[in-house]
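Descriptive structure summary
Take a look at the letters that make up each chain.
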Amino acid sequence: MNFIHQHDQMDCGPACLGMVSSFYGKNYSLETLRNNSFITREGVSLLGITEAAQNIGFDVVSTKLTIETLLGEKDLLPCIVHWNQNHFVVIKKISKKIFSNQYNFKIADPGYGMISLNEEKFKKSWIADDNKGVALFLKPTKKFYNLDPSKAEKLTIKYMLSYLTPYKKQLSLMFLMLFLGSGLTLIFPFLTQNLIDKGVNKKDLGFIGVILLAQLGVFLGSVIIEIIRNWLMLFVGTKISITIISDFLKKLLQLPIKFFDTKMMGDFNQRIQDNERVETFLTSQSLATFFSIITFSVFFGVLCYYDIKILFVYLTLTFISIYWSIYWLKKIKILDYFRFQQRSNNQESIYEIINGVTEMKLNQFEDFKRNEWEAIQQKLFKINIRILKLNQIQSSGFEFVNQLKNIVVTFLAATYVVEGNMTLGELLSVSFIIGQMNSPVNQLIGFFRSLQEAKLSLERLNEMQNHPIEESESLLKIAKQNLTSDNNTVRGIKFNNVSFQYEGPRSPYVLKNINLFIPEGKITAIVGASGSGKTTLMKLLLKFYAPTEGEIFYNAANIKELSPKSLRENCGVVMQDGFIFSDTIERNIGTGDEIVDKEKLIKAGKIANIVEYIRTLPLHFNTRIGASGNGISGGQKQRILIARAVYKNPHYIFFDEATSALDAENEKIIHDNLQEFFKGKTVIIIAHRLSTVKNADNIVVLKDGKIVEQGNHPELVYNKASYYNLVKNQLELGN
């Protein structure tokens, strides 16, 4: 069974399923399993893993059982179990110790590694209640063996080196500097030999002075070359870093909204920080290693010239030290994933503490969150200890073999000097050469370590490269087509038997069998209790998600065929959780224009009734406001969001609780201002406050994801059904 580590905080379920699949001979990419598991921001459910397992051909039995029953099902291993009430792991093997007669559980934890636990520790993490734990048993079917897993593309060194292509001129100069530096280094052993044999032994002070001056000149040349090389590395390294992150952000922003539902802020932050390791590999490590190998090869020839036996001993012990280092690097590779995971959790925790400080203080949540952060630090500390332990074993063994190699070579050379087969100058020259050859070997080990880290980092940065983007050239652009239908039916938005689920086919329906027509140029209001599906319906209209069943039409065009970018360009939207950028008020309103139109800006501000407030600020529209609207009230934030939607002057207007934070006076002013703006536009308003929607042309009442009634305000009040009850609760209408 291959061990598969989780890339993100929510990937434990797919990683476990991937491990079980590998046990039966099929290696699925984590991305494939993740897409089939219907992961949410809260993680993956047992239902989601079951769905994914069945999709790839497993017969699945999920059950709650006692430890005794589990021990009787050892033939069904490996199996997936629910761990610590918030995680999934794989039981790889259960064995019985001969002497103690106790059971030992071999666990593959995608967030920690392979671990062995005794029965007591296993039960502590697995048992939930009623002295039972949850297990998922998987048995491959014929379908499993017939399916061909889609394999994730592996990154090659060639792909990583492609980032260097635009900087050929700078790299050529760096190569020249490195070549000159290597050439100067080769002069030292011969200068040392001549210093001893022709200078010291012959007591020629003049010759000694010349040699020492030559050594000083070579040293100064090496320093100058090193300075130039460092400047070039800084330039190329910075450019590469910008390119890598820019490519990452470009791809990230092309992905559908659904992709972000399962990701945490810490996952993205840690990926971006990882680019430093790629930059280090591409600039310093790869180039330095290349010339280190050249230097090693030249010194190899020189050492061969001095003595073949010394060379043979040196090479034998060098290969042993390299093999030792690579063996331990493979073990460190797994731990690097776990460290990434905990650093991601750390980023998420810090982000939450900083952004939630007000609520924490109000609700005395500070100690709990600080302790939660400390717990993450403890886990990170334990992983760092494990990495340090392996690093120390690797480096200590490597250094021991290196020192042994130096001692053996020095002993051989000293023996030759005593026997008269080598001069003292040659001995010192050989010692210098050995020291210089050790440096490329160290560089080579560093290269392998850096390559391993760079590949891991690039895999994380590029794991979304295979994820399909939401935009495509084949999709229709709203602005470039006539959306009237062929049979001249009434224009508008049509829902045809639309249903939607967030978490796969077995999850509850958020919307069920929605049949609705929203006429062009009219105001349609959608009302209902919290959780009735109002916001989800709007997200389907904006193509954030695709309907699970049914179809949505914008006039004659199926929404599946419409470009999401073009659709949103024609929509002015105010969401419940609308975002305020850390920028000026002007830029927050005129987001889509590179140069903000002042006339449109003032008009939008007046409609949103925020111009008077802005004029009281020192810099007016150029006043900067904090991220997420820090420094302004909820009502002011909503008015800026309304102004942003109005500024676009779009054909479609979607308001989701757009005035919920406004006082009655401001709400009435903005409501009156918007009526003129709404003329000729297709408007959808979601609101709890029914006084804002009673003038709508059509009011749609949602309940538990279904349309229970629709009509205008007088009709619905007269019907005395769901809408009437909502109005009565708010306006206290009599019977």
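Residues numbered from 1 in each chain as written. Predicted model: local features only at pLDDT ≥ 70, side-chain atom pairs only at ≥ 80, totals over all residues. Heavy atoms only, no water.

The name recorded for the protein in an unreviewed UniProt entry is Peptidase domain-containing ABC transporter, from Flavobacterium yafengii. As recorded by UniProt, the Subcellular location (unreviewed entry) comment attached to the protein reads in full: "Cell membrane". (UniProt positions renumbered as here; feature names shortened; annotations may be inferred.)

**Overview of the sheet that holds strand β17 (residues 698–703)**
Taken in spatial order, the six strands of this open sheet run β12-β15-β16-β9-β17-β18, and their pairing is mixed. Strands at the two margins of the open sheet, each flanked by one partner only, are β12 (571–574) and β18 (706–711). For this sheet, the mean inter-axis angle between neighbouring strands, taken without regard to orientation, is 15 degrees. Pairing analysis gives four bridges linking strand β9 (residues 523–527) to strand β16 (residues 682–686), with the strands arranged parallel. In the strand pairing of β16, A525 is matched with I685. Its contacts with the sheet put helix α22 (residues 634–647) on β12 and β15 (652–656), and the angle it makes with β12 is roughly 175 degrees. (Pairing = 2+ DSSP bridges. Helix = DSSP H or I, 4+ residues; strand = E, 2+ residues; numbered from the N terminus. Axes fitted to C-alpha atoms, helices over the stretch in contact; angles between N-to-C directions. Contact = heavy atoms within 4.5 Å.)

**Regarding unusual backbone geometry**
P78 follows L77 through a cis peptide bond whose omega is 5 degrees. Following the sequence through the fold, P78 ends up in the loop between α4 (67–71) and β2 (79–83). We note that Q85 has phi near 65 degrees; this positive angle belongs to a residue other than glycine. With respect to the element layout, Q85 can be found in the loop between β2 and β3 (87–96).

**Brief notes about the nonpolar core**
Membership of the largest hydrophobic core comes to 47 residues, with the highest contact counts inside it found for I589, I642, F655, L674, F678, I685 and Y723. Residues in contact with F655, not counting those within four places in the same chain, are M538, G572, V574, I642, A645, L674, F678, I684, I685 and I686. Within the second largest apolar cluster, 32 residues are counted, among which are V498, F544, L562 and L567. (Core = buried A, V, L, I, M, F, W, Y, C linked by side-chain atoms within 4.5 Å. Buried < 20%, exposed > 50% of the residue type's maximum accessible area, 1.4 Å probe, protein only.)

**Quick notes on the pattern of salt bridges**
Evaluated as defined, the whole model comprises 10 salt bridges. With a shortest N-O distance of 2.8 Å, R568 and E470 are connected by a salt bridge. With R568 in helix α18 (residues 564–569) and E470 in the loop between α16 (424–462) and β7 (492–500), the pair connects residues that are 98 residues apart, well separated along the chain. In this structure, the salt-bridge partner of D672 is K668, at a minimum N-O distance of 3.0 Å. Of this pair, D672 and K668 both sit in helix α23 (residues 664–678), four residues apart, which is roughly one turn of the helix. Several salt bridges converge on common partners, so that one network encompasses D367, R370 and E374. (Salt bridge = Lys/Arg side-chain N within 4 Å of Asp/Glu carboxyl O.)

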